[in-house]
Amino acid sequence: MSAQTERTFIAIKPDGVQRGLVGEIIKRFEMKGFKMVAMKMLCATKEHLEKHYEDLKKKPFFPSLIKYMSSGPVVAMVWEGLGVVKTGRVMLGETNPADSKPGTIRGDFCIDVGRNIVHGSDSVASANKEIALWFKDELVEYNSCASAWLYEAPA
Ligand code: IDP
Ligand code: MG
């Protein structure tokens, strides 16, 4: 795998879906130049979400986080590109929307840390773990015709 095929797990949370922000969030990743390699809508079970957020299980907000994340459908995606994990987090903004700059997704579209509309992996290691948890043989391999215009030296 080359650096240009780094992958991250991005999920539009139930509030992002209900508020009609699916297209806007996808659009930002598309316009940046990242490549979508998987996407599905699903209602995640509490057990699945407890695994996804297992690092946070001792936090006081853990039960409400699981309730929030299981309260409706989410749109789970895998995006690919050079530096997509770090850049994806920058595009999302800070965990607390109040600390997120305008121009970021959380900075532009939400207010409360407990309703921050979108998830993004925080490291390459957690991205790999999260992709394996959410997708089983569902990643699509294809050549993007834009790669020659996005990268000086395409892979
Ligand atoms: P991240 O989503 O920016 O990586 P994490 O610290 O991993 O932030 O927390 C996971 C999710 O838990 C956050 O996106 C948010 O939905 C929720 N969360 C984090 N901190 C709080 C809090 O203080 N109160 C309520 N919910 C929180
Ligand atoms: Mg996190």
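Coordinates for the structure precede this section.
Bear in mind that the values here come from a model prediction, so they are computed numbers and not experimental data.

### A short note on the sheet that holds strand E2 (residues 35-42)
In space, the 4 strands of this open sheet follow the order E2-E3-E1-E4, with antiparallel pairing throughout. Among the strands making up the open sheet, the edge pair consists of E2 and strand E4 (118-120). Ignoring which end each strand starts from, the neighbouring axes of this sheet average 15 degrees apart. Across 3 bridges, the pairing between strand E1 (residues 7-12) and E4 is antiparallel. By the bridge assignment, Ile-12 is partnered in E4 with Val-118. The strands touched by helix H2 (residues 22-32) within the sheet are E1, E2, strand E3 (74-80) and E4, with E3 carrying the most contacts at an inclination of about 5 degrees. Its contacts with the sheet place helix H5 (residues 84-92) against E1, E3 and E4, and it is angled at close to 25 degrees to E1.

### Description of the packing of aromatic side chains
With the rule as written, the count across this model stands at 4 aromatic pairs. Consider the rings of Phe-9 and Trp-134, whose centres lie 5.0 Å apart with planes at 25 degrees: the pair is stacked. Linking Phe-9 in strand E1 with Trp-134 in helix H7 (residues 124-134), this pair joins segments that are 125 residues apart in sequence. Seen from their ring centres, Phe-29 and Trp-79 are 5.5 Å apart, and the 35 degrees between their planes marks the pair as tilted. Here Phe-29 is found in helix H2, whereas its partner Trp-79 is found in strand E3, with 50 residues between them in sequence. With a relative accessible area of 0%, Trp-79 lands in the buried category. A network of ring pairs unites the aromatic residues Phe-9, Trp-134 and Phe-135 as a single cluster. The lysine or arginine in question, Lys-35, covers the ring of Tyr-142, its NZ or CZ lying 4.7 Å from the ring centre.

Cut-offs and rules
- Residues numbered from 1 in each chain as written.
- Chains lettered and ligands numbered in written order.
- Predicted model: local features only at pLDDT ≥ 70, side-chain atom pairs only at ≥ 80, totals over all residues.
- Heavy atoms only, no water.
- Pairing = 2+ DSSP bridges.
- Helix = DSSP H or I, 4+ residues; strand = E, 2+ residues; numbered from the N terminus.
- Axes fitted to C-alpha atoms, helices over the stretch in contact; angles between N-to-C directions.
- Contact = heavy atoms within 4.5 Å.
- Phe/Tyr/Trp six-rings, centres within 6.5 Å; stacked < 30°, edge-to-face > 60°.
- Buried < 20%, exposed > 50% of the residue type's maximum accessible area, 1.4 Å probe, protein only.
- Lys NZ or Arg CZ within 6 Å of the ring centre and 35° of its normal.

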